[in-house]
Amino acid sequence: MSFDQLLALVLDPDLLERYGPRFIDGLLVTGKLVALSFTLGALLGMLLALARLSNNLMLQRLSAGYIYFFRGSPLLAQLFLLYYGLGSLKGFWQDVGLWWFFRDAWYCTVLAFTLNTAAYQAEIFRGSLLAVAPGQYEAAKALSLKRSTTFFKVILPQSLIVAIGPLGNELILMIKASAIASLVTIYDLMGVTKLAFSRSFDFQIYLWAAVLYLLIVEIVRRSLKHIEARLGRHLR
Amino acid sequence: MTASLSLATPTPAPQADPRKVVVTIEGLNKHYGAFHVLRDINLNVREGERIVLCGPSGSGKSTLIRCINRLEIAEQGNIRVNDTDLSLTTRQAAEVRSEIGMVFQHFNLFPHMSVLDNCTLAPMSVRGLSRKEAEERARFYLNKVGIESQAGKYPSQLSGGQQQRVAIARALCMKPKIMLFDEPTSALDPEMVAEVLDVLVKLADTGMTMLCVTHEMGFARQVAERVLFLDGGQIIEDASPEAFFNNPQSARAKGFLAQILH
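Note that this is a predicted model, so its numbers are computed, not measured. (Residues numbered from 1 in each chain as written. Chains lettered and ligands numbered in written order. Predicted model: local features only at pLDDT ≥ 70, side-chain atom pairs only at ≥ 80, totals over all residues.)

## Some thoughts on helix 11 (residues 204-231) of chain A
Residues and elements named next belong to chain A. Note the cut-off: Secondary structure follows DSSP: runs of H or I at least 4 residues long count as helices, runs of E at least 2 residues long count as strands, and numbering of each begins at the N terminus. Expected helix span is taken as 1.5 Å per residue step, with the number of steps being one fewer than the number of residues. Residues are called buried when their C-beta atom has 20 or more other C-beta atoms within 10 Å, exposed when it has 12 or fewer, and partly exposed otherwise; all C-beta atoms are positioned from the backbone. Here the contact rule is simple: place C-beta atoms from the backbone, and any two residues whose C-beta atoms are within 7 Å are in contact.
With 28 residues, helix 11 extends 41 Å between its outermost C-alpha atoms, agreeing within 8% with the 40 Å of an ideal straight helix rising 1.5 Å per residue. Among the residues of helix 11, I205, W208, A209 and Y213 are the ones counted as buried. Among the structural elements, helix 2 (13-53), helix 9 (147-177) and helix 10 (189-200) are those in contact with the buried residues of helix 11.

## Some words on the packing of helix 2 of chain A against helix 10 of chain A
Residues and elements named next belong to chain A. We apply this condition: A fitted line through C-alpha atoms represents every axis, and for helices the fit uses only the stretch in contact; the resulting angles, taken between N-to-C directions, go from 0 to 180 degrees. Convention used here: angles under 35 degrees read as roughly parallel, angles over 145 as roughly antiparallel, angles from 65 to 115 as roughly perpendicular, and any remaining angle as oblique. Handedness of a crossing follows from how the near helix is turned relative to the far one, being left-handed for an anticlockwise turn of less than a right angle and right-handed for a clockwise one. Charged means Asp, Glu, Lys or Arg here, nonpolar means Ala, Val, Leu, Ile, Met, Phe, Trp, Tyr, Cys or Pro, and polar covers whatever is left, Gly included.
It is at 7 Å that the axes of helix 2 and helix 10 come closest, and there the two elements cross at 155 degrees. As far as their axial angle goes, helix 10 and helix 2 are roughly antiparallel. Considering how the two elements wind past one another, helix 2 and helix 10 form a crossing that is right-handed. Counted together, L15, Y19, R22, F23, D25, G26, L27 and T30 of helix 2 and L189, G191, V192, A196 and S200 of helix 10 form the full contact between these two elements. Of the residues in the contact of helix 2 with helix 10, the class split is 7 nonpolar, 4 polar and 2 charged.

## A look at the sheet that holds strand 1 (residues 21-32) of chain B
Residues and elements named next belong to chain B. Formally: Strand pairing follows a simple DSSP-based rule, namely that at least 2 bridges must link the two strands.
The strand order across the open sheet built from 4 strands is 2-1-4-5, with neighbouring strands paired in antiparallel fashion. If you trace the sheet from one side to the other, it starts and ends with strand 2 (35-46) and strand 5 (84-85), each paired once. In this sheet, strand 2 lies alongside strand 1 in antiparallel orientation, the contact comprising 8 bridges. If you follow K30 over to strand 2, its bridge partner there is L38.

## Let's talk about the nonpolar core
Quick note on the threshold: In this description, a nonpolar core means buried residues of the types Ala, Val, Leu, Ile, Met, Phe, Trp, Tyr and Cys, linked to one another by C-beta atoms lying within 7 Å.
Within the largest apolar cluster, 84 residues are counted, with the highest numbers of intra-cluster contacts made by L53, L142, A169 and L180 of chain B. Beyond its immediate chain neighbours, meaning those up to four positions away, L180 of chain B contacts I65, I68, N69, I100, G101, M102 and L211 of chain B. Grouped together as the second largest cluster of nonpolar side chains are 42 residues, I175, A181, M190 and I205 of chain A included.

## Comments concerning unusual backbone geometry
Residues and elements named next belong to chain B. With a phi close to 50 degrees, N82 is a non-glycine residue in the positive phi region. Examined against the element boundaries, N82 turns out to sit in the loop between strand 4 (76-81) and strand 5. Unlike most non-glycine residues, D83 shows phi in positive territory, near 70 degrees. Along the polypeptide, D83 turns up in the loop between strand 4 and strand 5.

## As for the UniProt feature "transmembrane region" (unreviewed entry) in chain A
Residue and element names in this part refer to chain A. Just so we agree on the cut-off: UniProt positions are given in the numbering used here, feature names are shortened, and annotations may be inferred rather than shown by experiment.
According to UniProt, the "transmembrane region" (unreviewed entry) feature falls on residues 33-53, 65-86, 98-120, 177-197 and 203-220. The span residues 65-86 is 86% helical and 0% strand by assignment, and the distance between its end C-alpha atoms comes to 20 Å. The straight-line gap between the two end C-alpha atoms of residues 98-120 is 27 Å; of that span, 87% is helix and 0% is strand.

## A look at the UniProt feature "domain: ABC transmembrane type-1" (unreviewed entry) in chain A
Under the present numbering, the feature "domain: ABC transmembrane type-1" (unreviewed entry) in UniProt falls on residues 27-224 of chain A. In this annotation, residues 27-224 of chain A is assigned 83% helix and 0% strand; the end-to-end C-alpha distance for the span is 20 Å.

In structure tokens:
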């Protein structure tokens, strides 16, 4: 087999010319989807973690129930419930003026992903907050620091060092799970892959997709390493 | 002063001390579950007084000083600091607390901040000092505890003794009226105890009101005006160091001293 033949098998120039640009678009959609829902999920997840650790029994229970539901059911089912389930209540959403949101696959996907990852991140944050030594809270109290100062300046930076590893794990899982978005008409990386395959019937399209996912994950892995080193600079 | 003479003089009561009372504790009781840690504690602390608390482990000495800055909440009894009742609103209690510095057995420095940032955080965010003022003050106290040259380092880069001196400087940066020490040398390697005790002696010379839980009896002899001996959640003896060490009244104090002084 000559080199050109081998190349045509894994990276056919014709195929690349036809579908390459779409893949770039798909890559960007996947990146945007994951970045947006992961960030929103982090905010919600932190609030859920604080609710679970609060002294208020009501908040504790609500947060625990939320986490129980969203970790215990498949992301795919959650997405379908949102997009097809809630999306079928057209009249209701029109009445409350939210139809623009629930008729749109993109918004529904971002919401479903956010709600799902928030549950996982809440557990990560909860564990990492509990990992901060009680003496740190005592020292902050003894110095009369306000609760907000204590949280943002003393507790959070220390707990993030513990959280960053599992958070990275969750982010990588999210990137791969985001392929599910292609099932509700989103042309993310997996969406364009399916489209290209259904037209060309060339399996190498899936190879491209796999390599591109790998590429994103590798970028994420390297940035995480960098962040971890920065957060933990006092530990060296 | 003989007994008959003191009976003859009408006014000054034996404890007539011109100094202002800064901490008053009345009928303090506290439980941990079924364990009665503090039983009917009554205590007055006067301005500038240097008090050492000692006693066997579990006797409630740490809990007692932790009640003074509300790290522990008393179930029963009154604690007044500078005439503010600590059972009042949390806001007033927070104000009182900012007048009280505390040093812990395990230092409890903020590990992710430099020594300087450890010292400037509270003055800036609680007292509203500018960064420049706070750093000036921090360097002043770091210099006092002999550690100014390490201001840019992280706590983990310092020895235990150095970390504890930073913790003392950090508390002093709030310009507290009262300092509480909870076994400040117990977690240190033996060769580092002296450097921390030196700082405490110097601090005592400035007239700071100090309450110190410690097992360093040499330090108690040298620095304390009053030694409180606790056992089973009660103050068993309240005496000058000379009286306590040379002539302990209770059997429990005698037993404790026999064990600790070898």
